[in-house]
Amino acid sequence: MAGRAPLAGVRVADFTWVWAGPFCTLQLAHLGAEVIRVETATRPCVTRLLPPFADFEPGPNRSGYFNQYNQGKKSIALDLKRPEAIEAAQRLCAASDVVVENFAAGVMERMGLGWEVLRRLRADLIMIALSGYGATGPDSDKVSYGPAQVPLSGMSSVTGYRGFPPMHVGISYGDPTGGLHGAVAVLAALLHRARTGQGQYIDLSQWETSMAVLPEAICGWTMNGAAPERDGNRDAHMAPHGVFRAAGEDRWVALAVEDDAAWTRFAAAIGRPELASDPRWATAAATLQAAGVAAFTAATNRDLAEDPHLNARGFFVELPHPVVGTRKHVGVPWRMSESDCRVRGAAPCLGADTEQVLRDVCGYGAAEITRLREARALV
């Protein structure tokens, strides 16, 4: 690791919650931005209330979910129902380079924190809204969560087994796809500002970013009028292709034989029946890989956490947290030869940085902060 962080000196006012928005700002924090979450104890982020909790003990600062996706950030607690808190939030935005929110369209405007207000406070501000359906159109006012994006995007229609109905996939793809698309859009806007001095508003639709990861299915219909058939883990061009039972308790191996040459190698690897009881096949994935066949264990969470390759690369981070202590978390999934990209700290406790941010970023004096507290704007 060498050099300066790519986003060193960039400040992000983070009004996001749940997964999509925090996943977007997590990438910016990894790149070195100062990310300041705007939260409130009166309505804490959903992920602060979701398991798994450290030591199975619930608490707003003990959620592994929240602590994973908010590493390296700060937290300021404002009750945005109060005008004094809105003023503080506006000061934060005016002192920031980027504002990120993922409420339903119109929520920020009703609070007095919409684009037209904030752009007057800072002319070169970049603001991104990661709403469910975008800021325009007949569905723009609808509330959305990631699970809804899976069927709405068409992903469920191509997920499932042959002859069976559509199925939900394992995760809420709308959230991480929206978050990653949002992070890339912010980086593009920062590059544009560096060249032109101009800020801009980015209107992102999580629904549309979910569809962007399904080009084959959508093109199949638009070009040929034929929807792809659900076919489990099978592939239209590779065989065998799927996840197959292996020795051991609930152990599986994924295989992908991509062409005739790979089939020849695969057949040679497993073709003699007497080898079925040979102890060399205890490591079937490695044996097939040695033969040039794409194969690997269907890993469990424990397999991943203990994987020697991932640990040797420093993929996991263990940083001290003031409430739950040192825990293992997923770190930055990329390396840059000339830039300092890393997790810079554990996730923040709710409101842990309120006074520091109000003083050093928003410009409040001690007496003003006391008045905000007495007005119950800091909750």
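Keep in mind that this is a model prediction, so the values were computed, not measured.

Criteria and cut-off values
- Residues numbered from 1 in each chain as written.
- Predicted model: local features only at pLDDT ≥ 70, side-chain atom pairs only at ≥ 80, totals over all residues.
- Heavy atoms only, no water.
- 1 Å grid on protein atoms, 1.4 Å probe; cavity = no way out; pocket = protein on both sides within 12 Å on 5 of 7 lines; lining within 4 Å.
- Points joined across faces, edges and corners; volume = space filled by probe spheres on them.
- Nonpolar A, V, L, I, M, F, W, Y, C, P; charged D, E, K, R; others polar.
- Core = buried A, V, L, I, M, F, W, Y, C linked by side-chain atoms within 4.5 Å.
- Buried < 20%, exposed > 50% of the residue type's maximum accessible area, 1.4 Å probe, protein only.
- Helix = DSSP H or I, 4+ residues; strand = E, 2+ residues; numbered from the N terminus.
- Contact = heavy atoms within 4.5 Å.
- Patch = residues over 30% accessible without salt bridge, like charges linked within 9 Å, V, L, I, M, F, W, Y side chains within 5 Å.
- Areas by Shrake-Rupley, 256 points an atom, 1.4 Å probe, with all protein chains shown as cover.
- Salt bridge = Lys/Arg side-chain N within 4 Å of Asp/Glu carboxyl O.
- pLDDT = per-residue confidence, 0-100.
- Pairing = 2+ DSSP bridges.
- Axes fitted to C-alpha atoms, helices over the stretch in contact; angles between N-to-C directions.

Draft legend 1. Structural view of empty space enclosed by the protein. Per the stated rule, a full pass over the model turns up 1 cavity of 30 Å³ or more. If you add up the space inside the largest cavity, you get close to 70 Å³. Forming the boundary of the largest cavity are Asn67, Gln71, Leu319, His321, Val324, Gly325, Arg327, His329, Ala346 and Ala347. Taken together, the residues of the lining of the largest cavity sort by class into 4 nonpolar, 5 polar and 1 charged.

Draft legend 2. Focus on the nonpolar core. Counting 28 residues, the largest nonpolar core has Phe15, Leu78, Leu92, Val99 and Leu358 as its most contacted members. Of all the secondary-structure elements, those providing two or more residues to this core are strand E2 (34-39), helix H3 (83-94), helix H5 (115-121), helix H14 (354-360) and helix H15 (366-374). Considering each element in turn, this core owes the most residues, 6 residues, to H3. Leave out the neighbours within four places in its chain, and Phe15 touches Val38, Leu80, Ala89, Cys93, Val99, Val100, Glu101, Asn102, Phe103, Met108 and Leu113. Of all hydrophobic cores here, the second largest spans 21 residues; its members include Leu7, Val12, Leu28 and Leu190.

Draft legend 3. Representation of a nonpolar patch on the surface within the structure. On the surface, Tyr161, Phe164 and Met167 cluster together to form a nonpolar patch covering roughly 330 Å² of accessible area. Mapped onto the secondary structure, Met167 falls in the loop between helix H6 (146-152) and helix H7 (174-196).

Draft legend 4. Layout of the pattern of salt bridges. Inspection of the entire model under this criterion finds 25 salt bridges. The salt bridge partner of Glu39 is Arg48, with a shortest N-O separation of 2.9 Å. Grouping residues by exposure puts Glu39 and Arg48 together as buried. Of the charged contacts, one joins Asp340 and Arg342 as a salt bridge, the two residues approaching to 2.8 Å between their closest N and O atoms. A single salt-bridge network, built from bridges that share partners, covers Asp55, Glu57, Arg62 and Arg327.

Draft legend 5. Representation of the confidence of the model for the protein chain within the structure. The predicted model of the protein chain has a mean per-residue pLDDT of 92, with 96% of residues at 70 or higher. Note that pLDDT drops below 50 for residues 273-277; the model gives that stretch 4 contacts with residues more than four away or on any other chain.

Draft legend 6. Spatial organisation of the sheet that holds strand E7 (residues 241-245). Spatially, E7-E8-E9 is the arrangement adopted by the 3 strands of the open sheet, whose pairing is antiparallel. Strand pairing shows two members of the sheet lacking a second neighbour, E7 and strand E9 (294-297), which therefore form its edges. The average angle at which neighbouring strand axes cross in this sheet is 20°, direction not considered. Sheet topology note: the strand E8 (residues 252-256)/E9 ladder contains 4 bridges and is antiparallel. Bridge pairing in E9 links Leu255 to Ala295.

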